[in-house]
Amino acid sequence: MGIKKIFLVSTLLRGRGGMESVLSIFSEEMKRRGISVRIIFLGVFKKRKHDLNWLHGLDYTILFPNYPFKDPIRTFIENKRLMKIILEEEPDACIALNNAAIQALWSLKQSGLPIVIHSWVHFSLNILHNIKILKKADHYLAISSGIAREIESKLNVDPNHIDIVFNPVILTKNRIPKPKHGTVRFLFMGRLTEQKDPQLLFYALENLKGEWRLDIVGDGHLKEQLMKIAEEGGFLERITWHGWQPVDPWSYVQENIKNVSALVLSSRNEGFPMVLVEAISRGVFCISTNCPTGPEDIICEENGVLTPVGNVEAMRDKLQSQIDKNEHSCTERSEIIAHSIDKFSVDQYASRILKILEKAKQRDNDD
């Protein structure tokens, strides 16, 4: 039997996050294996809000990108079209990426469509609205150990219906070395928003002793506030603001920043922070908050350190430790860091997912 066709159903994504990277990697790897992946989007396309560049080369459909009616008329018509597509193409697996997608597929199932609904949410349940909708799924793909625990405890789901899949990373032989001597360089890569809590990092930077710089690859509405913190703390001149790099931020880092002592993740919550595995795969040491969820599955003794969420002093201590050590670039050390995440390789990841989907399909056929 096997899996030959997969549908991913979601509301439109902004096009600037780790989730988009995962879906791109997932789709390309399945295509390499002869399996088609089609991404179906619900909702209205807004040019100022949604960047579709990341979908280049992928098979995707926006059901009604400019349809004027609001709920419930729009939902009714979208569901009708979604059912038509599923009946015509008969996918082997339907995977919902968020609440709206689960609700849409569940409505079709209630109408008699024989499908298994796989939930594949990419965020901690603590920040999702109306998590009861998740209970309408039949099976759960958890991208971290923390999310698996949340699904079991908050939704009272049988652990036999939950599988931890993590997220994939394209392992690269490109390494980003530490500075050979002198100034320590920290890197922050991501949105400047409350979830990422860059304020924690900026308050932790105050009163650091020694030579250091911070490179920020990303943008967001907190930038002005962060600049004020840095100015009042007397370290604004130590920061380089690179802005958002939409095409390939890591190539940008390698070409323009060149050397990184440590990547810093200061988030309050995550689903599975791809920036950590992407940095580690390039041999970059990471300092991360132990936020729910994901860092605990990624960070280990070989590749980084964890600090409590929101704890400025703990973050400052880890930053200061990097300055005090000021280790120079070491090829052997970079390789140890890079190979600490081999379990997240695309090949192992895809094999895990397919085995899970095949098992669910077989169980449904037996029923």
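Data block above holds the structure.
Residues numbered from 1 in each chain as written. Predicted model: local features only at pLDDT ≥ 70, side-chain atom pairs only at ≥ 80, totals over all residues. Heavy atoms only, no water.

Draft legend 1. Structural context of the sheet that holds strand 9 (residues 212–217). The six strands are arranged 10-9-8-11-12-13 in an open sheet whose pairing can be described as parallel. With one partner strand each, in any of the chains shown, strand 10 (239–241) and strand 13 (304–307) form the two edges of the open sheet. Across the sheet, the mean angle from the axis of one strand to that of its neighbour is 20°, orientation sign disregarded. Judged from the six bridges that link them, strand 8 (residues 184–189) and strand 9 form a sheet pairing that is parallel. The residue of strand 9 that forms the bridge with M189 is V217. (Pairing = 2+ DSSP bridges. Helix = DSSP H or I, 4+ residues; strand = E, 2+ residues; numbered from the N terminus. Axes fitted to C-alpha atoms, helices over the stretch in contact; angles between N-to-C directions.)

Draft legend 2. Local environment of the packing of aromatic side chains. A full pass over the atoms with the stated rule returns 10 aromatic pairs. Geometrically, the ring pair formed by F41 and Y60 is edge-to-face, given 6.4 Å between the ring centres and 65° between the ring planes. Here F41, found in strand 2 (residues 36–42), pairs with Y60, found in strand 3 (residues 59–62); they are 19 residues apart in sequence, far enough to count as distant. By relative accessible area, which is 1% here, F41 ends up buried. Three or more aromatic residues joined by ring pairs make a cluster, and in this case those are F202, W212, F235 and W241. One Lys or Arg, K136, reaches over the ring of W106 and ends 4.0 Å from the middle of that ring. (Phe/Tyr/Trp six-rings, centres within 6.5 Å; stacked < 30°, edge-to-face > 60°. Buried < 20%, exposed > 50% of the residue type's maximum accessible area, 1.4 Å probe, protein only. Lys NZ or Arg CZ within 6 Å of the ring centre and 35° of its normal.)

Draft legend 3. The nonpolar core, seen in detail. I6, W120, F186, F202, L214, L263 and L319 are the most contacted members of the largest nonpolar core, which has 115 residues in total. Among residues more than four places away in sequence, those in contact with F186 are L208, W212, R213, L214, D215, A262, V264, I287, L319, Q322 and I323. (Core = buried A, V, L, I, M, F, W, Y, C linked by side-chain atoms within 4.5 Å. Contact = heavy atoms within 4.5 Å.)

Draft legend 4. The arrangement of the sheet that holds strand 3 in detail. In space, the seven strands of this open sheet follow the order 3-2-1-4-5-6-7, with parallel pairing throughout. The open sheet has two edge strands with one neighbour each: strand 3 and strand 7 (162–164). For this sheet the average axis-to-axis angle between neighbouring strands, irrespective of direction, equals 25°. Summarising the sheet, strand 2 and strand 3 pair through four bridges and their orientation is parallel. Bridge pairing in strand 3 places F41 opposite I62. Contacts between helix 1 (residues 18–32) and the sheet are confined to strand 1 (5–11) and strand 2, with strand 2 contributing the most and set at about 145° to the helix.

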